[in-house]
Structures are given as structure tokens and as C-alpha cells.
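Here are the chains, one letter per residue:
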Amino acid sequence: MKLDRRGFLKFAVGGVVGTLATPIPWDMLDESAKFTDLWAPEPAKGPSSFVHSTCRLCPGGCGITLRLVEDKSGRDEWRGWHHKEFIDRRKLPAVPLRAVKIAGNPDHPVNRGGICPLGAAGLQLLYGTNRITAPLKRTNPRGEGEAAWEKITWDEALNIVTGKLREIREAGNSHTVACILDNKKGLTAELIDRFFRAYGSPNVITMPSQEDVETVGLSLMQGTGGHLAYDLENSKYVLSFGAALLEGWGAPVHNMMVFGKWQGASEHALVQIEPNCSITASKADKWLAVKPGTEAALALGMANVIVTEGLYDRSCIARCQGFEGFKALLESEYDPRKVSEITGIPANVIANTARAFAVTKPAVAVYGRGQGVMSGNLAEFMSIYSLNALVGSIGAKGGVVVQREVPFSSWPALATDAVAQQGLAQPRIDGEGGEIKHGVCMSHNLTAALKSGAVNALVVHEANPCYALPRANKFEEAAAKVPFVLALTSCMNETARSADIILPVASYLERLEDVTSAARVPYASMSLTRPVLANVPEARHPGDVFLTLARAMGGSVSSSLPWDNFEALLKEKVGGIFASRRGRIGDQEVAMLGSPDELWEGLNAGKCWYEEPIFGGGGLTFSPQGRTPRLEPVSWMKASREFPMLLVAYENINIANRRAVDTLPYLTKNIDNTVLQKQDLLVRVNPETAGRVRLVEGDAATVQCPAGRLSVRVHMDVGMMPGVIGIPLGLGHSNDDPFLTGKGVNAYEILEPELDPVTGLAVWWGTRAKLIKV
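Residues numbered from 1 in each chain as written. Predicted model: local features only at pLDDT ≥ 70, side-chain atom pairs only at ≥ 80, totals over all residues. Heavy atoms only, no water.

Focus on the environment of Glu477
Within the element layout of this structure, Glu477 appears in helix 22 (residues 472-479). A sequence separation of 30 residues divides Glu477 from Thr447, and the C-alpha atoms of the two residues are 8.5 Å apart. (Helix = DSSP H or I, 4+ residues; strand = E, 2+ residues; numbered from the N terminus.)

Listed below in C-alpha cells is the structure:
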């Protein structure tokens, strides 16, 4: 079969799930990396070498292998990336190298040689035309026309940043400095958090994530923190409440490999519960089209059947608290017939699914919504998570566990002077709006904080809140009122464009960094990204940038971050893994290594440290602190005459939606024409819904919501529930990237967050809407 470039990419991306679930060789998918070369200068053929590293383009943390060739193109722009200092330090040959392919590393325990389209296309980020190659200083006031920039030296840039931070601190206002990160996993994020605490700011805040509500729920129900992970590989029955298992949730390649193993094995079953027929739903053994926002009621209806018919795991329930109260709640409010009216799922289907879930061992209920960025409320999490206790899957093999922490060495005590202590005593600017004080970040409150003038300086590291926060346009307007904005990023994005100073940071293929524990995978792991190529000439490691700033600040800030560079810190932290004697690296037990250097060398050779989970029967409290699992409807589930439809956001595996990484050029070209046609974004509606407003396939329309309106076209889809509009996230950029700008509209702008009254966290997966024919 002839497979041209376009045809192959369509196969590789659009059919990625099918590919990974079948015996088709894994490395065929990796071939998509070859096409990366076609849009950028390609070196003459020469000797190849291979380097192992780790992907950071999503929370999956897959092992990757890069093929490098000698660059004989003679192009100065590429030769400039391989400066002498780097070559000397890394003992590389004095011949410029160019990466030409990214493949999966077959020895990495997370992905075992597999790779997703985004990972394979990573070179497009490395050689992208949107890279920032030098520190930039804005030359015109923010908010006045298009941003204008001038290149400055690193010394000039750091002097400006240090001067501004010092000025604020000396005025006793260290608590008015805020920093936004994409997440807090990894030593770079911990280093940045430590910098700001030593400086005197409690305001290191992360972008919203499903893990926020899980953190609160775990703390309440099990009295523990950490990251939830699901042992899908050993589970026989998976009840997924909206998690896009095959479309980017958790560690996508790992999930697809597990799904591939299930194929042809009759003892495995996947039930997908969500309102639209996603790829995951279409590949599942059963799809339950639940009314949006009623998943908690469905979970409790199933729990009712399991409890009423005595199918629950008595040994697990013996380890739980509050079962009798939970049982009374189920009996009084969640009879399957009543739940059927709420959810739209027939009562007999609820009962039969509950029975199959209870008697198939092991089984697990997965809480999730899309790829894990959007979140529901605490009551919804508690309702779904309670199912795992009923079937004995808390902490069990094939069930749900809390990931073990990577045993890094401890951080030394933080030095805080009087200014830092005074600043840290101030409340965080994102507030804690719920009834429970829990410490997770509430970035949805930042817009109001910025607008109020409570922030004198905003630092944004590898995040893009001006694009990817709910009501992103409002955040951008508020950020314009902050006196000083600093962005650290490798590529220009909407937030960087709103900054005063931009510091270019090395990409994940140009810097040494830890990648800890793949999302949702039950075992702990740690492998390194490696500087397989030198940085673009002026890009620096973000860890080194903050260490330099700490030295410049002096005092307790400097003494709290004493490392010469990030590599020294990383090596010291890895020493803790050796000291613990836990886990394995490659095929060797850490306990058998003779010195920390052996572990360090193994990691630098591309090996992964990992540690199997410890399974053991666990329990929970069904109604901690008087909080009960229940259906807690959000306001947009109520009928409205003005906005008769429900708009639901969804994510697409072909579109990067990870805030710090935009969709890559070839992936943009390969977005399905039911999502994007030329420059127009399409919303998915059931033909019945379209007919009500006299729309047909491809018609131009306006989506009108309480928070604003967007221009779209209509794609009729029988897989979408009547009365519901599906809108994809990840398009509608305005970041000057020639491959992204102007393609579609940004759905984040019209998603209005609603606050969970208990946690104060934002619930923002939908909103009321109406479709208007244009």
C-alpha cells in the first residue's frame, strides 16, 4: 500500500488509537518524525548517533530516542546552536549535529517503545520558527498596540529583573509578587517555589487541573495527599467516568498499550460514561451516554445496586468509616429508577452495569473528565471514588493507588529573613474561597487579584494563562494592569506577548531535568531529559536562571539556593534515591549499585528509575467532616429560556492542550475537517439540535453564551447528545505563530467558571449557550 506523507500522518494521528491497539509495528508511528524534516532545513546524510531522553510534551513522561546526524548543510543558523562551550563540556565531536527523528525508547517502562504523534513531532518545537532566541525587552507600553521588542543581553535582562524584585522587597511588599507555573511536579518547579518562599512570596500558583479536586478529596476521604494512579494493566473491568483514556488522559501511550493488550482478551471490559461518542467511547465495550453533569448520580445509582444486592466487598467495607450512613443515603435518594430520570440511563442498564462491575475482579472506577485539565466538583469525585471502596479496589492490584514519591534527598532548611517571614505570613492572592482550607491553587481567582492592584510583579514560567484560563481574555486584560510582567518561555505565546521582559529558556531537548512519575501510572518513576543538542544560542535552563537571580538577590535568598547550577542540585537530589536503596534502574536493583555515581551514570545513559507500587487493602471515610457523596448540580445544568442548550468543552488528541505547548505545525495540518475547516472551528451538534435552529452541515453560526460569543461552523454528529454543543479546546491562538494564529476560536474565552462551594475550586467544563444561524 502506497502511503504518502499526508496519508501517513492521517493514519498515524487520526488512527493512532487503532494503530496502538493492534499488532501493527510500533515503530511505524515513529516514522511521523521523519516528516518533521520536510518543513525545515535537512542536513546532508552522514553518520548517525542515538541518544536516549524523556519526553515532556505531556504528563506521560515517555522514554524517547533521538537520532542525530552530522549537519553538513553549512547553514549558519543551525551551526550557531552548537557552541564550543557545550561541545567541550559534553565531550561531543566538534561536528554540528542535527536531530532528525524521535522514536520511543523500548527500554522505558512507561511506553516500551511506543510514542504518540505529539511526542514524535517534538522536533518541530525544537526547530520551530516561533522560538525565542534572545532576551527581549518591550519597547512600547503594554496595552498600546502590537508589542514591540528589542533584543538585550542576559546581563541587562537579569539586572532589570533583579532590580524590580529588589525594589518591591525593600518596600516590604514581597507578598505582592506572584508566579504562575503549569504544575508543581519536578525539581525545577520546586526550585522556583523555594526561590519565592525565600524571597517572601507565598504566591506560586499553578494552572487548574483535575488533580486539585482529587487532592482535596483524598485528604478528606483517606487522610493522605499524593497523586492518584490506576492499575489499568491488571484491572478486568474499567468504569471510566469521562476520562479520555485513549485521547490524552494520564500517560496516553501507556494507556493505549494497555488497551491493546485488552483486545482479544474476553475477560477485560471498558465502560465509557460521557455524553458524546468520543474515540474512547467508540472503542469501549459499552458506552453510556449520560446527561452532562449527572455522573455523580449515576455512580451513586450503581452504588445503590451494589449495596442493596449485597455485592460489596465486606473486607474493604470493614476498613471504611461511615458505611451505614452512606447506605441510608443511597436507599433514600439514589434508587436506580430515580437515577434513570436524572441521568437518562435506563434503570436496567444501571443495575446490570453495577452488577458486572461488582462481580468482576479486579475492577476500578476512574474519575476524570477529558484529558485531566477540566474538573468537576468535590461531591462528584467522592461519589465516583466511593465505588472503588465498595468493590475493594482502594490500594488493591488492578484498582486505584496513591503513587509513591520518588525518594529524592530532602531539601535543606529554608533560610528566611524578617522580610521573607513577613511576606509568607500574608494570605495567598488566589484566596481560599471554599469552606475547607486545603492549600491547592485557585488560579481562577487570579484575574480579580491582578485587576485589584494586589500584584506588583507577575512571573510566568512555561505557562500560558492569557490563553488557557477560563475567561482567558479577562485575565489578559487584568495582566495589563500589573506594573511588571516577566515570562520565561522557549516560544512566543499569548502570555509572553503581554510581558515586559521575556527570558528564553531551553526546550526539553536542550536541558538536563528530571521527569517524575508518569501521570496515572501506578509505579513511581524518574528519568531525565538530556541536552542532546546545545541550546539555541541565548536560551538557558530555567533552574540556572533562578539560581543566578538568587545569587544576585543575596542574603537569605542566596543562602537558600546555594547550588552552582541546576545539574549540581539534580545530582545531589538523585543521591537520595541511591541512599534509599529502593527501586530499579533498567534491569538492575538500586540496592546492588556500588555508588551514587553508578545511578547517576545510568540515568544519564537514558535509563529510567522505577519502583513498583505497594498494594494492600485500604479503606476510606464515606462522609468525612459531614461532606457526603452526592449529585451537586452546577448552575448551567438548569434549563434556561435564553440559553436553551448546554455547551460542553472537549479535547482532541490531535490538538495540544497542555498550556505550555501549542499544537505543532504538522499536527495542526492534520486536524480532522470535522474540527477545523480552513480557518473555521466547527462545533459538534446532534442533527436534531441543528434542525431546531435550521442549521445544516457546514453552516456558519454564532455560539452565544453568558460570557460572550464565538463565530463557528456546524458539524452534525449523531454521537452528540441532543441539546448539547461540543466545542474543542486548543485552537484560536493569537500568538503570531504562522501555523496557529487565526485557526479557529478560543473556547476558553466563553467558559465561565463556577465555584465549588466546599473547595472554592473552579468547575468549568461547560456553560449555557444558544446557536444562532448567521
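Back to the write-up after that little detour.
A short note on the pattern of salt bridges
Counting across every chain of the model gives 26 salt bridges. Residue Arg404 pairs with Glu611 through a salt bridge whose shortest N-O separation is 2.8 Å. Separated by 207 residues along the polypeptide, Arg404 in the loop between strand 13 (400-402) and helix 19 (418-424) and Glu611 in strand 21 (residues 609-611) bring together distant segments of the chain. Residue Arg404 is classed as partly exposed on the basis of its relative accessible area, which comes to 28%. In this structure, Glu632 engages Arg630 in a salt bridge whose closest nitrogen and oxygen atoms are separated by 2.2 Å. Exposure remark for Glu632: the relative accessible area of 18% places this residue in the buried category. (Salt bridge = Lys/Arg side-chain N within 4 Å of Asp/Glu carboxyl O. Buried < 20%, exposed > 50% of the residue type's maximum accessible area, 1.4 Å probe, protein only.)

Quick notes on the pairing of strand 25 (residues 700-705)
Here strand 25 lies mainly inside the structure; 5 of its 6 residues are buried. Where strand 25 lies against strand 26 (residues 708-716), 6 bridges are found, and the strand directions are antiparallel. Across the sheet, residue Gln704 finds its bridge partner in strand 26, namely Arg709. Counting the residues that bridge the hairpin from strand 25 to strand 26 gives 2 residues. (Pairing = 2+ DSSP bridges.)

Section: the packing of aromatic side chains
Tallied over the full model, the rule gives 17 aromatic pairs. Considering the side-chain rings of Phe195 and Phe546, the 5.4 Å spacing of their centres and the 70° angle between planes classify their relative orientation as edge-to-face. Placement of Phe195 in helix 9 (residues 187-199) and of Phe546 in helix 23 (residues 542-553) is noted, with a sequence separation of 351 residues between them. The pair formed by Phe195 and Phe546 is uniform in burial state, with each residue classed as buried. Pairing Tyr467 with Tyr748 gives two aromatic rings, centres 5.6 Å apart and planes at 70°, and the pair type is edge-to-face. Here Tyr467 is found in helix 21 (residues 465-468), whereas its partner Tyr748 is found in the loop between strand 27 (724-728) and strand 28 (754-755), with 281 residues between them in sequence. (Phe/Tyr/Trp six-rings, centres within 6.5 Å; stacked < 30°, edge-to-face > 60°.)

What to know about the side chain of Asn255
Checked against the element boundaries, Asn255 lands in helix 11 (residues 252-262). Setting aside residues up to four positions removed in sequence, Asn255 forms contacts with Leu232, Leu245, Leu246 and Trp249. (Contact = heavy atoms within 4.5 Å.)

So, the packing of helix 13 (residues 295-308) against helix 15 (residues 323-333)
Taken N-terminus to C-terminus, the directions of helix 13 and helix 15 make an angle of 110°; their axes are 9 Å apart at the nearest point. As far as their axial angle goes, helix 15 and helix 13 are roughly perpendicular. In terms of crossing hand, the pair formed by helix 13 and helix 15 is left-handed. Each of Leu300, Ala303, Asn304 and Val307 in helix 13 lies in contact with helix 15, whose residues at this interface are Phe323, Phe326, Lys327, Leu330 and Glu331. For the contact of helix 13 with helix 15, the residue count by class is 6 nonpolar, 1 polar and 2 charged. (Axes fitted to C-alpha atoms, helices over the stretch in contact; angles between N-to-C directions. Parallel < 35°, antiparallel > 145°, perpendicular 65-115°, else oblique. Left-handed = near helix turned anticlockwise from the far one by under 90°. Nonpolar A, V, L, I, M, F, W, Y, C, P; charged D, E, K, R; others polar.)

Focus on the sheet that holds strand 11 (residues 286-288)
Taken together, the 4 strands give an open sheet; going across it, the order is 11-10-9-12, and neighbouring strands pair in parallel fashion. The sheet is open, and its two borders are formed by strand 11 and strand 12 (363-370), each paired with just one other strand. For this sheet, the mean angle separating the axes of adjacent strands, direction not counted, is 20°. With 4 bridges joining them, strand 9 (residues 237-243) and strand 10 (residues 269-273) adopt parallel strand pairing. Bridging from a neighbouring strand, Tyr237 pairs with Ala269 of strand 10. Against the sheet, helix 13 touches strand 9, strand 10, strand 11 and strand 12, its axis set at about 160° to strand 9.

A look at the environment of Pro624
Counting through the fold element by element, Pro624 comes out in the loop between strand 21 and strand 22 (645-650). Judged by relative accessible area, Pro624 falls into the buried class, the value being 4%. In sequence terms Pro624 and Met221 are 403 residues apart; their C-alpha atoms lie 6.0 Å from each other. Among residues more than four places away in sequence, those in contact with Pro624 are Leu220, Met221 and Met382.

Notes on the confidence of the model for the protein chain
Per-residue confidence for the protein chain gives a mean pLDDT of 88, with 88% of residues at or over 70. Ignoring residues within four places in sequence, the model shows residues 1-40, a span with pLDDT below 50, making 85 contacts including any to other chains. Segment residues 76-87 is flagged for pLDDT under 50; beyond a separation of four residues in sequence, or across chains, it makes 30 contacts in the model. (pLDDT = per-residue confidence, 0-100.)

Examining unusual backbone geometry
Note that the residue after Lys361, namely Pro362, is joined by a cis bond; omega there is -10°. Here Glu462, not a glycine, exhibits a phi torsion of approximately 45°, which is positive. Mapped onto the elements of the fold, Glu462 is located in the loop between strand 14 (457-461) and helix 21. In this model, Arg581 sits at a positive phi of 60°, which is unusual for a non-glycine residue. Looking at the secondary structure, you find Arg581 in the loop between helix 25 (566-580) and strand 19 (584-585). Residue Arg581 is classed as partly exposed on the basis of its relative accessible area of 33%.

Focus: the nonpolar core
If you look at the biggest cluster of nonpolar residues, it comprises 78 residues, and the most contacted ones within it are Leu232, Leu239, Leu387 and Leu390. The dominant element in this core, judged by the number of residues it contributes, is helix 13, at 10 residues. If we ignore the near neighbours within four places in the chain, the residues touching Leu239 are Val271, Ile273, Met302, Thr353, Phe357, Val364, Ala365, Val366 and Leu387. (Core = buried A, V, L, I, M, F, W, Y, C linked by side-chain atoms within 4.5 Å.)

Quick look at helix 23
For helix 23, spanning 12 residues, the distance from its first C-alpha to its last is 16 Å, which sits close to the expected 16 Å at 1.5 Å a residue. Residues of helix 23 that are buried: Pro542, Gly543, Val545, Phe546, Leu547, Leu549, Ala550 and Met553. Once helix 23 finishes, Gly554 follows within two positions and takes phi at roughly 70°, a positive value. (Expected span 1.5 Å × (residues − 1).)

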